[in-house]
Amino acid sequence: MQALAVAAAGRLVPALASRPAPRSSTGRHPAVARLSREDELAKMAEFKSGLAAKLETVRRGGPTASAAAGAGAAAETEAAAPAAAPPGKTLREVTHEDYYAAIEAAGDKLVVVDCYTEWCGPCKMILPTLVEWSEELSDKIEIVKFNCNKHNKDLGVSLGIKVAPTFLLYKGGEIVDKMTGAKTEQLRELIEKHI
């Protein structure tokens, strides 16, 4: 039985290049046509650019990829597209220069620091929820973003940030809790616990 793989066009094709063909009853390998490395790379690049275009269409609110191409893999692509913050609404971003000043300025309010990176998918997925909570609980908490990459890396290391996203909760200028991962229910429980 031949193995199957998904080609750039999204249909199942024999996976000839991924493993050797099974031997026939005579013990000899049948002739197998393999793609050159350049052809395989070109197919992967074509697939990647098509996927990027579909994701951009979904982000802009245009017709979904599944409507254009039918059901199947396109529906998975749409579900995997990172969510964006609602238009015009965002969280304050702090840097290594104003990190501690922002925490102290909050006074007795709970400060939730979202330690993220630009390339982190779960960080992007949880952002709309954080924006919503920031508005909903604005009299009790302040949620800020901290990009622990680039020029903030030294502070991120000193804070013990090893995973993105990491959430640090401060109250009265002191750290009261820490959580890693984009687990909204657990984060909400921590926030409620420390309000």
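An unreviewed UniProt entry lists the chain under the name Thioredoxin domain-containing protein, with Chlorella vulgaris as the source organism.

A. Summary view of the confidence of the model for the chain. For the chain, mean pLDDT is 78; residues scoring 70 or higher make up 68% of the total. In the predicted structure, residues 1-9 sits below a pLDDT of 50 and forms 19 contacts with residues beyond four places in sequence or in another chain. Long-range and interchain partners of residues 64-82, a stretch whose pLDDT sits below 50, account for 20 contacts in this model, where long-range means more than four residues apart.

B. Spotlight on the state of the cysteines. The final tally for this structure, using the stated rule, is 1 disulfide. We note that Cys 148 lacks a disulfide partner, and the nearest cysteine sulfur, in Cys 115, lies 5.7 Å from it. Cys 148 sits in the buried class, given a relative accessible area of 11%.

C. Inspection of the nonpolar core at higher detail. Within the largest apolar cluster, 17 residues are counted, with the highest numbers of intra-cluster contacts made by Val 112, Leu 130, Ile 143, Phe 167, Leu 169, Leu 187 and Ile 191. At the level of elements, strand 4 (110-116), helix 5 (121-136), strand 5 (141-147), strand 6 (166-171) and helix 7 (184-194) are the ones that each hand at least two residues to this core. Here the element with the most residues in this core is helix 5; it accounts for 5 residues. Aside from chain neighbours lying at most four places away, what touches Leu 130 is Leu 91, Asp 114, Ile 143, Phe 167 and Leu 187. If you look at the next biggest cluster of nonpolar residues, it comprises 16 residues, including Val 111, Phe 146, Ile 161 and Tyr 170.

D. Up close: the environment of Cys 123. Here Cys 123 is to be found in helix 5. For Cys 123 and Thr 166, which are 43 residues apart along the polypeptide, the C-alpha to C-alpha distance reads 9.1 Å. Not counting residues within four places of it along the chain, the set of residues in contact with Cys 123 comprises Tyr 116, Thr 117, Ala 164 and Pro 165.

E. Representation of the packing of aromatic side chains. In this structure the tally under the stated criterion is 3 aromatic pairs. Relative to Phe 146, the ring of Tyr 99 has its centre 5.2 Å away and its plane inclined at 65°; by these criteria the two rings are edge-to-face. One end of the pair, Tyr 99, is in helix 4 (residues 99-105); the other, Phe 146, is in strand 5, and 47 residues separate them in sequence. Side by side, Tyr 99 and Phe 146 carry an identical accessibility label, which is buried. For the ring pair Tyr 99 and Tyr 170, a centre distance of 6.1 Å and an interplane angle of 80° mean the geometry is edge-to-face. Linking Tyr 99 in helix 4 with Tyr 170 in strand 6, this pair joins segments that are 71 residues apart in sequence. Judged by its relative accessible area of 1%, Tyr 99 falls in the buried class. One aromatic cluster is present, built from ring pairs that chain together Tyr 99, Tyr 100, Phe 146 and Tyr 170.

What counts and what doesn't
- Residues numbered from 1 in each chain as written.
- Predicted model: local features only at pLDDT ≥ 70, side-chain atom pairs only at ≥ 80, totals over all residues.
- Heavy atoms only, no water.
- pLDDT = per-residue confidence, 0-100.
- Contact = heavy atoms within 4.5 Å.
- Disulfide = S-S within 2.5 Å.
- Buried < 20%, exposed > 50% of the residue type's maximum accessible area, 1.4 Å probe, protein only.
- Core = buried A, V, L, I, M, F, W, Y, C linked by side-chain atoms within 4.5 Å.
- Helix = DSSP H or I, 4+ residues; strand = E, 2+ residues; numbered from the N terminus.
- Phe/Tyr/Trp six-rings, centres within 6.5 Å; stacked < 30°, edge-to-face > 60°.

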